[in-house]
Protein chains: 2
Amino acid sequence: MKFNIKDVAKKAEVSISTVSRVINESKVVRPETQKKVIKAIEELGYKPNAIARSLKVKNTKTIGIMIPDISNQFYPEVVRGVEDIANMYNYNIFLCNTDLDDEKEMQYFDALAEKQVDGIIFMGNIVSEELYSKIKFYNIPLVLIGADYEDLPSVTINNTEAAYTVVKYLIEKGHKRIGMITGKKHDPVTGVTRLKGYKDALKESGLLFDEELIIEGGYRFKSGYEAAKRLLELENKPTAIFVANDEMALGVTRLALEMNIKVPEDLAIIGFDNIDMSQKFYPALTTVAQPMYEMGAIGMRVLTKILKDEPIDTNKVLLNYSLIERESS
Amino acid sequence: MKFNIKDVAKKAEVSISTVSRVINESKVVRPETQKKVIKAIEELGYKPNAIARSLKVKNTKTIGIMIPDISNQFYPEVVRGVEDIANMYNYNIFLCNTDLDDEKEMQYFDALAEKQVDGIIFMGNIVSEELYSKIKFYNIPLVLIGADYEDLPSVTINNTEAAYTVVKYLIEKGHKRIGMITGKKHDPVTGVTRLKGYKDALKESGLLFDEELIIEGGYRFKSGYEAAKRLLELENKPTAIFVANDEMALGVTRLALEMNIKVPEDLAIIGFDNIDMSQKFYPALTTVAQPMYEMGAIGMRVLTKILKDEPIDTNKVLLNYSLIERESS
DNA sequence: TTGTATGCGTTATCAC
DNA sequence: GTGATAACGCATACAA
């Protein structure tokens, strides 16, 4: 039931080159013969074998996307952006969940390389040196989304500045004790940068930094819930909490609801990411919107340009974030 | 910078067959020569070309997964299940978002077929006849998740029974007027089946069916919100609403919160799916848990069995759902 | 405009 | 235990 180009050639009474030509829409073939061939193709239900083709043409029209975990709220949207653009340019995408695990990242990278992907979209908190040197060695086009490293092409937002904006906004609203639930302290993208923005804003406003108000979170809902509990048990409680991601911020909101704390009157909460649920929660969460779909779409667009050897203006794209004011602040 | 088996052979001073043997861990090769070859491989940083290999061995260790939309709450979890098992058996997966669009489904199917995937995991509300005949014609192993059609292998839950259980539970709690926000009326999996369960429970309890209490929803948050509004504007309001999916049920909850309606005292709400957010929302949502991760994992496991020509007990797997009682009922 | 022949990087069959 | 060599299905340089 599976035919190849030879079968088509025989059926259409032409050579395989001619069949190949009509498949690849070469202009040179006579209309009549083209018709014959197309007829044969349809009658047999023939489909070209992309594997064989790839072997010859040395590209696979396939890219890989490496993300921490598709079942985490944040990533599906960027994957969607990648996919829509990939689809537009006739690429298929390999999905790889790395769980932020170095070893898994290496394994997937190898697998993608062996499967001859034309390029890779990478999301992860850090790029290990080992991975970096592999990327260079095998010379596989790769673009980073949401993180930045060395000379690799990337699309990101300015995290420090965004955090700064948030805290500044809170200060202007009159808050003097502002708590923060951070990402992992050593995480260069959601951890250190956002904390730095927080500190910058405080300093600029002449507020002093109080270590007690900073709690390192673990990104998940529960971790936000528990960090908030600690913050609210302080004698000198914060009147506002800036949380390094929405998932945790929703955990904070949940706790406030349970404890009958009025949001935003008694406690203002601001998150980061603008995940889908942040607007659906009650009260709806004020948050920093990262243009997730766009980050994916633009990342993929950059990749296609690299693949087509088109010149790119910058290989460091910085996208705009925006503070979305909703009910929690 | 890219080497092939020939380069390795030359460097190790053996034939390419020998290199191939060590790569594929054939037992027959002498330890010393094996060492030589491995050394050469490492020195060159050689990676076998999986495309060329596939052409020869006629499998790609690749499967495709077709889902409506990865950025919709429900699917990432099942994709995760698929991926984890796929990974275990050394398969990579092509991700395809179909948006429930027939044409896109066909396009992706063709693309996957051309790329010679070994099998396909399919999620969608219905299987079009055209798609079905293609599946048969090209004879590509495919398993359905969350839906069922003809003789195709599938993994599902008993939707009618689950809906029946929900409504029965509500009736036992004393509710007499129970509203329902359904899926699309013609959707065989979330639409007709769940509505049937609702009707069955009513009938069995001697309650009469009131058309006015049924509203067709559109699956999304907003659609639930608006359907609930209509339900609550009725003179003879329902005291409970059964919603065909969580996303919409959360919309209902949001409305209740805004309208200061006490949940569950004045209005009980029950959803379907047990998406991640349903437990995080306040009040937490009572819902029917579909074992999403398991559906993906088991679906993939069925697929691997088919691919290995192992016997499978049934090609129709029916998984257990469970009613998770939380704060909204 | 069409056909013949070669090779893409592997694996597998057969000798040796 | 190892090495030649013929496929796998296709695209393409070259010949006709």
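Residues numbered from 1 in each chain as written. Chains lettered and ligands numbered in written order. Predicted model: local features only at pLDDT ≥ 70, side-chain atom pairs only at ≥ 80, totals over all residues. Heavy atoms only, no water.

1. Re the relation of the copies chain B and chain A
Here is step 1 of the chain: Once chain B is rotated about the relating axis by 180° and shifted along it by 0.0 Å, it coincides with chain A to within an RMSD of 0.1 Å. In symmetry terms, the pair is related by a two-fold rotation axis. For chain B, the minimum C-alpha distance to the rotation axis belongs to F94(B) and amounts to 2.3 Å.
Here is step 2 of the chain: Looking at the interface residues of chain B, 100% of them are also at the interface in chain A, so both copies use one shared face. (Least-squares fit on C-alpha atoms with pLDDT ≥ 70 in both. Contact = heavy atoms within 4.5 Å.)

2. Some points on the UniProt feature "domain: HTH lacI-type" (unreviewed entry) in chain A
Here is step 1 of the chain: UniProt's feature table lists "domain: HTH lacI-type" (unreviewed entry) at residues 3-57 of chain A, given in the numbering used throughout.
Here is step 2 of the chain: As a span, residues 3-57 of chain A carries 69% helix and 0% strand, and end to end its C-alpha atoms are 21 Å apart. (UniProt positions renumbered as here; feature names shortened; annotations may be inferred. Helix = DSSP H or I, 4+ residues; strand = E, 2+ residues; numbered from the N terminus.)

3. A short note on the sheet that holds strand β2 (residues 92-97) of chain B
Here is step 1 of the chain: Strand order in the open sheet formed by 12 strands is β11(A)-β5(A)-β4(A)-β3(A)-β1(A)-β2(A)-β2(B)-β1(B)-β3(B)-β4(B)-β5(B)-β11(B), and the pairing between neighbours is mixed. Two strands close off the open sheet at either side, each with one partner strand: β11 (316-319) of chain A together with β11 (316-319) of chain B. Direction aside, neighbouring strands of the sheet carry axes that sit 20° apart on average.
Here is step 2 of the chain: Direction of pairing for strand β5 (residues 154-157) of chain B relative to β11(B): parallel, over a ladder of four bridges. Paired with I157(B) across the two strands is L319(B), which belongs to β11(B). (Pairing = 2+ DSSP bridges. Axes fitted to C-alpha atoms, helices over the stretch in contact; angles between N-to-C directions.)

4. Notes on the environment of F94(A)
Here is step 1 of the chain: Checked against the element boundaries, F94(A) lands in strand β2 (residues 92-97).
Here is step 2 of the chain: Taking the C-alpha atoms as reference, F94(A) lies 10.0 Å from I121(A); in sequence the two are 27 residues apart.
Here is step 3 of the chain: Setting aside anything within four residues of it in sequence, one finds F94(A) in contact with T62(A), I63(A), G64(A), I65(A), L112(A), K115(A), V117(A), T62(B), N92(B), I93(B) and F94(B).

5. With respect to the pattern of salt bridges
It is possible for side chains bearing opposite charge to pair when their charged atoms get close.
Here is step 1 of the chain: Applying the stated criterion across every chain, the model contains 44 salt bridges over all chains.
Here is step 2 of the chain: K39(B) is the partner of E43(B) in a salt bridge, and the nearest nitrogen-oxygen pair spans 3.5 Å. Here E43(B) pairs with K39(B), and both are found in helix α3 (residues 31-44), just four residues apart, close to one helical turn.
Here is step 3 of the chain: Connected via shared salt-bridge partners are D69(A), D99(A), K104(A), R80(B) and D84(B). (Salt bridge = Lys/Arg side-chain N within 4 Å of Asp/Glu carboxyl O.)

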